[in-house]
Amino acid sequence: MEGFAGKVCVVTGAGSGIGRALAIELGRSGAKVAISDVDTEGLAETEAELKAIGAPVKTDRLDVTEREAFELYAGQVKEHFGKVNQVYNNAGIAYSGDVEVTAYKDMERVMDVDFWGVVNGTKAFLPHLIESGDGHVVNVSSLFGIFSVPGQAAYNAAKFAVRGFTEALRQEMLTKYPHVAVTTVHPGGIKTAIARNATAAEGLDAQQLANEFDRKLARTSPERAAQIILEAVRKKKARVLVGADAKVLDVLVRLTGSGYQRIVAKAMAKAVPGAH
Ligand SMILES: NC(=O)c1ccc[n+]([C@@H]2O[C@H](COP(=O)([O-])OP(=O)(O)OC[C@H]3O[C@@H](n4cnc5c(N)ncnc54)[C@H](O)[C@@H]3O)[C@@H](O)[C@H]2O)c1
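Residues numbered from 1 in each chain as written. Predicted model: local features only at pLDDT ≥ 70, side-chain atom pairs only at ≥ 80, totals over all residues.

**Observations regarding the pairing of strand 1 (residues 8–11)**
Basically, it comes down to this: Residues with at least 20 other C-beta atoms within 10 Å of their own are called buried, those with 12 or fewer are called exposed, and the rest are partly exposed. The C-beta atoms themselves are positioned from the backbone. Strands are runs of DSSP state E lasting at least two residues, helices are runs of H or I lasting at least four, and both sets are numbered from the N terminus onward. One requirement defines pairing of two strands: DSSP has to find at least two bridges between them. Convention used here: a crossover is right-handed provided that the path from the first strand, over the helix, to the second strand proceeds clockwise when the strands point away from the viewer.
Burial along strand 1 is two-sided: Val 8 and Val 10 and Cys 9 and Val 11, pointing in opposite directions, are all buried. As paired strands, strand 1 and strand 2 (residues 32–37) are joined by four bridges and run parallel to one another. In the sheet register, Val 11 faces strand 2, and the bridge partner there is Ile 35. Read as a crossover between parallel neighbours, the route from strand 1 over helix 1 (residues 17–28) to strand 2 is right-handed. Alignment of strand 1 against strand 4 (residues 86–89), held across three bridges, turns out to be parallel. When the sheet's bridge partners are listed, Val 10 is paired in strand 4 with Val 87.

Okay, structure coming up:
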């Protein structure tokens, strides 16, 4: 893809799924890539693919919830490549469970990774992006950052928070540092390991939920998702909806306002029978 040659791009959660596909597509497009994950095995596979392409790559184990480590890491990437142009705050986890039965610690874990991980990555890299002269913050929210569904309150909260945070940041950059672009990403169902890696409240069958997700809801490949995201980044779009499901449901929310909640509750009960 045009527009990425020579750029230094940071991708979190690059050991699997969308993060891996983003890193590889960036590498193919001539970018220098800093990849990280807590899953060092998955990360090594991504690194091997990038090396096979011939892309310059820096590989590190990084837990996005560890703020101090993230700050240190940002400095190391800058030192290694001499600049940083783009950060893709992509790492994330999923969790299923109604509010009534979800333990606080499980909600906090989702917020720690899916929201605070994004905040940590944004703040750690922002000074470098401003300094680079053409920075870009790309924060991965979800279709679930646009509309809520039963059993996903914690994930919905984190992904709505990412959207609010990123949309405010974009406005700050527009007025103070217009050379720094900001994009919020809202993927629909993407065929990745997210549901298989997910946890669930007691009494729910996480395996069955994952199977239902893989069979019925995951429609777009991670490679296609990466292409759609990078095309939006290239055009400096404020928001990108990934997949037909994301586009349709975004329209549903716009048309019905809060009315979507009754429709979605019924549809979800049918689509994921194990959930309720
Ligand atoms: N797959 C989907 O349908 C979908 C839909 C909407 C949004 N998303 C979002 O896309 C992003 C990528 O997810 P994916 O679908 O590729 O899932 P995935 O499980 O395939 O990949 C996520 C990666 O994040 C890593 N990770 C988890 N916790 C981490 C931590 N604390 N620090 C660093 N890395 C960590 C995992 O090890 C994994 O390699 C996530 O933010 C997810 O919420 C996915």
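**Let's talk about the site of the ligand**
Applicable threshold: Any residue whose backbone-placed C-beta atom lies within 6 Å of a molecule or strand is treated as near that molecule or strand.
For the ligand, the set of nearby residues contains 32 residues, the closest of which are Gly 13, Ser 16, Gly 17, Gly 92 and Thr 192. If you tally residues by element for the shell around the ligand, the top one is helix 1, at three residues.

**Section: the UniProt feature "domain: Ketoreductase" (unreviewed entry) in the chain**
Let me state the cut-off plainly: UniProt positions are given in the numbering used here, feature names are shortened, and annotations may be inferred rather than shown by experiment.
The UniProt entry lists residues 7–193 under the feature "domain: Ketoreductase" (unreviewed entry), expressed in the numbering used here. Helix makes up 50% of residues 7–193 and strand 18%, whereas the separation of the span's terminal C-alpha atoms amounts to 28 Å.

**Digging into helix 6 (residues 206–217)**
Just so we agree on the cut-off: In this description, one arc is meant: the one made by directions from the helix axis to the C-beta atoms. Whether two residues are in contact is decided by their C-beta atoms, placed from the backbone, lying within 7 Å.
All of the buried residues in helix 6 are Leu 209, Ala 210 and Phe 213. What you see down the axis of helix 6 is that its buried residues fit within an arc of 100°, all on one side. Residues of helix 6 that are exposed and angled more than 90 degrees away from the buried face: Gln 207, Arg 215 and Lys 216. Taken together, the buried residues of helix 6 touch strand 5 (95–96) and strand 8 (199–200).

**So, the environment of Thr 102**
Inspection of the secondary structure assignment puts Thr 102 in the loop between strand 5 and helix 4 (104–132). Through-space distance from the C-alpha of Thr 102 to that of Val 180 is 38 Å; in sequence the pair is 78 residues apart. When sequence neighbours within four positions are dropped, the list of residues in contact with Thr 102 reads Gly 97, Met 107, Ala 154 and Ala 201.

**Focus on the pairing of strand 2**
Two faces make up the sheet, and in a regular strand the side chains alternate between them. Counting buried positions along strand 2 gives six out of six residues, so the element sits mostly inside the fold. Here five bridges tie strand 2 to strand 3 (residues 57–61), and the two strands are oriented parallel to one another. Its bridge partner lying in strand 3, Ser 36 is registered against Asp 60. Remark: the strand 2/helix 2 (residues 40–53)/strand 3 crossover connection has right-handed handedness.

**What about the packing of helix 4 against helix 5 (residues 153–176)?**
Quick note on the threshold: What counts as an axis is a line fitted to C-alpha atoms, over the stretch in contact for a helix, and the angles between N-to-C directions run from 0 to 180 degrees. An angle below 35 degrees is read as roughly parallel, one above 145 as roughly antiparallel, one from 65 to 115 as roughly perpendicular, and any other as oblique. Note: crossing handedness is left-handed where the near helix turns anticlockwise from the far helix by less than a right angle, and right-handed where it turns clockwise. Residues are grouped as follows: nonpolar covers Ala, Val, Leu, Ile, Met, Phe, Trp, Tyr, Cys and Pro; charged covers Asp, Glu, Lys and Arg; every other residue, Gly included, is treated as polar.
The contact between helix 4 and helix 5 brings their axes to 8 Å, and the two run at 20°. Judged by the inter-axis angle, helix 4 sits roughly parallel to helix 5. Relative to helix 5, the crossing made by helix 4 is right-handed. Residue-level contacts link Asp 106, Met 107, Val 110, Met 111, Asp 114, Phe 115, Val 118, Val 119 and Thr 122 of helix 4 to Ala 154, Tyr 155, Ala 157, Ala 158, Lys 159, Ala 161, Val 162, Phe 165 and Leu 169 of helix 5. For the contact of helix 4 with helix 5, a count of residues per class yields 14 nonpolar, one polar and three charged.

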